[in-house]
Amino acid sequence: MADERAEKRPRKSRDGLVYRQSIWTRVTHWVWAVCLFFLLLTGLQIFNAHPTLYVGQESGFEYNNAILSMTAENTADGPRGYTTVFGHKFDSTGLFGLSGPRPSVQGFPGWATIPSYRDLGTGRVVHFFFAWVFVGTMLIWLVASVANKHLWRDVVPKGRDLRRIGQDIRDHLRLRFDHGAKYNVLQKLSYSVVLLVLFPLMVLTGLSMSPAMNAAWPWLLEIFGGRQSARTLHFAVMLLLVGFFIIHILMVVAAGPINELRSMITGWYRVKKTETKSDE
Amino acid sequence: MSKGVMTRRNLLRASGSLVAASTLAGCDQFDFLGQRDHKVRDVLESANSLTYRVQRMLLGPNALAPEYAASEIRQGQRPNGSTNPQTAEYLALKANDFADYRLKITGLVEREVSFSLDELRRMTARTQITRHDCVEGWSCIAKWTGTPLSVLLKEAGVKAGAKFAVFYCYDVLGGGLSGGEAYYESCDLIDANHPQTIAAYGLNDEVLPVSNGAPVRVRIERALGYKQPKYVYEIELAATNTQLGQGQGSYWADHGYDWYAGI
C-alpha cells in the first residue's frame, strides 16, 4: 500500500532532530491558538447577555426548558450568585452569577470576557472577525493536510494504533511519554476529535444560531434539534475545547516544553535515540 | 523506551504556568476594542460586511425563514427594548386607540401614500409563525399577521435608484442631556421585498399590543430581533441609509451592532 510506504519513508533528520511539523501545520496551529483565545473570551461576553441555556427551538419564559442558568438573588446575607445545572442549584458567588470587586450581576466574571465590561456589540464584532479567520484557517489546513498526507499519515488513528491504546494509556498514567517522530495513539485520537469533530461542530452550531443561515440551510436546525439546542451545544463544545487546551498545555510541559515548542515553531523535533530505530 | 520526564516538580510547574496564562486573560487590555472609532475595531468590523455579502450569496432573495406549527406557540411574545413609548405624539395616538394612525410610504416613490390601520387590515394579509431571535441569545416563537411590505411598496411604486427602506419609529431610546435618540432602522430592498417581510398589526391572533410595537411593527424574519422595528410610522425609500442618526443605518448599528443582523 502506498500509504504504508509513505509511513516507512525516513524523515529528514539532522543532529538527532527530525523534521516533524510542516509549515502548514505550524502556521495554522498558531493562528487557531490566537483565534480560540478571542473566540472564547468574546463568546463568554455574548453568553453573558443572556446566561441561560435551553433545549429545543425557543427559550421557555412561561415554561421551563433551561438546563443551565446563572443568576443572582438578594438573600439575608446580601446578594449571592447561583448556578443551576439540570435543576441542581449551587452557590457560585464570585465566579458565576455574581462576581467582581464591586460585585455585579453577570454570568461569567469580567476577567473572563472581552471587553472586561458588559458590551455585547463589541463582543460580537470581535467574535465574528475571529470566526471568519478560524474557518478560513480550517479550510487551508484541510487542503494542505490532505495534499501533504499529514491528515491521513499523522492524525487519523488506524487499526494498528488503536490496538496499542491499552499500552499507551498505561504509559501516560506512568507519565512516560513516547518521543517518537510520530504522534502516539492518544495524541492521534485527541487531535482527530478536535480537528475533525469539535471544530466543524463549533462552526455548524454557530451558524445554526444565524436567522439568515436558518433560511439558507434549514437542515442545520434539524440536525441540532433547534436553535436553542444548537446554542447549548456550541457552549458544550467550548467546554470540551477548554478541557483539551488544559490537557494539551500540561502534556507539552510534561513532555519537554522546549522540544515541543521548537517543533511547533521551527518544525524540528528531538527524537529519543533509542526510538529512532523503531519509532512506530 | 524513554524515561518519564514528568516529575512532581514538572507537574507543579505546568499547573503554575496554566494559572499564569489564565490571569493573563483576565485583564482589560482588550477593552480598547470597545472604542467605536479605533482603527483596529474598523478592521474587525470589516468581517460584518463579509458576512453580509456571503449570506446574500447563500440566500436566494426568497429563501424563507423557518415557520412553525401553531402547537409550537407555547408562550406570549417576550417584549424587549422599548415597551411603552412616551413621546407626546405616540401617547395621543394611543389614547384614541390608534384611530388616527397612518403608515406613510415616502421618498423615492412614484406617489407618497399612507394607510390607516383599517385600510391595512383590509389589504392582502400574511400570517406566519416564526421564531424571534434576540441578539442576547434567547428565542421566542409567535404568530405575526400583517401586510406584506412588497404590497405597500407596489402601491407607492418604488423609483429606480432606491436602495434602502428606512423605518421611522415613535420610540425614543436613551436619555440624558441630549434627550434620547429616535429609534430608526433600514434594510436593503431584498429584505424589504422578501415574502415574509410584513408590516405586522396582529400578534398571536390578537391586536398587536403596545409592548410588542403597536400599532405596526415591521418583521424582517431572516434577521435578529433588533432588526424588527416597532412603532413604525413612516417607511422612506432612499438611495443611502447614512443620512440619519450617527450614519450607520440603524439605531443599533449606531450603537456598535452589525447593521445587517443576519447572524
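Owing to the predicted nature of the structure, the values given are computational and were not obtained by experimental measurement.

With respect to the helices and strands, the residue Thr232 of chain A is situated in helix α10 (residues 227-255). Not counting residues up to four positions away in its chain, the partners in contact with Thr232 of chain A are Leu53, Tyr54 and Ile67 of chain A.

A few words now on the packing of aromatic side chains. Under the definition given, this model contains 31 aromatic pairs over all chains. Relative to Phe108 of chain A, the ring of Phe96 of chain A has its centre 5.2 Å away and its plane inclined at 75°; by these criteria the two rings are edge-to-face. Of this pair, Phe96 of chain A sits in the loop between β6 (88-91) and β7 (97-99) while Phe108 of chain A sits in the loop between β8 (104-106) and α3 (120-147), placing them 12 residues apart in sequence. The partly exposed category is assigned to Phe96 of chain A, whose relative accessible area is 23%. By relative accessible area, Phe108 of chain A is classed as buried at 11%. Ring pairs connect the aromatic residues Tyr90, Phe98, Tyr168, Tyr170, Tyr231 and Tyr233 of chain B, which therefore count as one cluster. The aromatic ring of Tyr82 of chain A is capped on one face by Lys89 of chain A, whose charged end is 4.7 Å from the ring centroid.

Bringing the sheet that holds strand β2 (residues 17-19) of chain A into the picture now. Residues and elements named next belong to chain A. Strand order in the open sheet formed by 3 strands is β1-β2-β9, with antiparallel pairing between adjacent strands. Of all strands in the sheet, those bounded by a partner on one side alone are β1 (13-14) and β9 (268-270). Note that β2 and β9 share 3 bridges and pair antiparallel. Bridge pairing links Tyr19 to Trp268 in β9. In the packing of helix α11 (residues 257-265) onto the sheet, contacts are made with β2 and β9, and the angle to β9 comes to roughly 155°.

Residue and element names in this part refer to chain B. Ranked by size, the top nonpolar core spans 49 residues in total, and within it Ile105, Leu120, Leu152, Phe167, Ile235 and Leu237 carry the most contacts. If you tally residues by element for this core, the top one is strand β5 (residues 164-173), at 5 residues. Once you skip the residues sitting within four places of it in the chain, Leu237 turns out to touch Ile105, Thr106, Gly107, Leu108, Val109, Leu153, Val158, Ala162, Phe164, Ala165 and Leu189.

A word on the confidence of the model for chain A. Residue and element names in this part refer to chain A. For chain A, the mean per-residue pLDDT works out to 92, and 93% of the residues sit at or above 70. Low pLDDT, under 50, characterises residues 1-8; the predicted model gives this stretch 9 contacts beyond four residues in sequence or across chains. A low-confidence stretch, residues 275-280 (pLDDT under 50), is modelled with 12 contacts involving residues beyond four sequence positions or located in other chains.

The next point concerns α11 of chain A. Residues and elements named next belong to chain A. Within α11, the full set of buried residues consists of Asn259, Glu260, Ser263 and Met264. The buried residues of α11 all sit within an arc of 125° when viewed along its axis, so they share a single face. Among the exposed residues of α11, those oriented more than 90 degrees off its buried face are Ile258 and Ile265. Of the residues trailing α11, Gly267 is marked for its positive phi of about 100°.

Definitions and limits used
- Residues numbered from 1 in each chain as written.
- Chains lettered and ligands numbered in written order.
- Predicted model: local features only at pLDDT ≥ 70, side-chain atom pairs only at ≥ 80, totals over all residues.
- Heavy atoms only, no water.
- Helix = DSSP H or I, 4+ residues; strand = E, 2+ residues; numbered from the N terminus.
- Contact = heavy atoms within 4.5 Å.
- Phe/Tyr/Trp six-rings, centres within 6.5 Å; stacked < 30°, edge-to-face > 60°.
- Buried < 20%, exposed > 50% of the residue type's maximum accessible area, 1.4 Å probe, protein only.
- Lys NZ or Arg CZ within 6 Å of the ring centre and 35° of its normal.
- Pairing = 2+ DSSP bridges.
- Axes fitted to C-alpha atoms, helices over the stretch in contact; angles between N-to-C directions.
- Core = buried A, V, L, I, M, F, W, Y, C linked by side-chain atoms within 4.5 Å.
- pLDDT = per-residue confidence, 0-100.
- Arc of directions from axis to C-beta.

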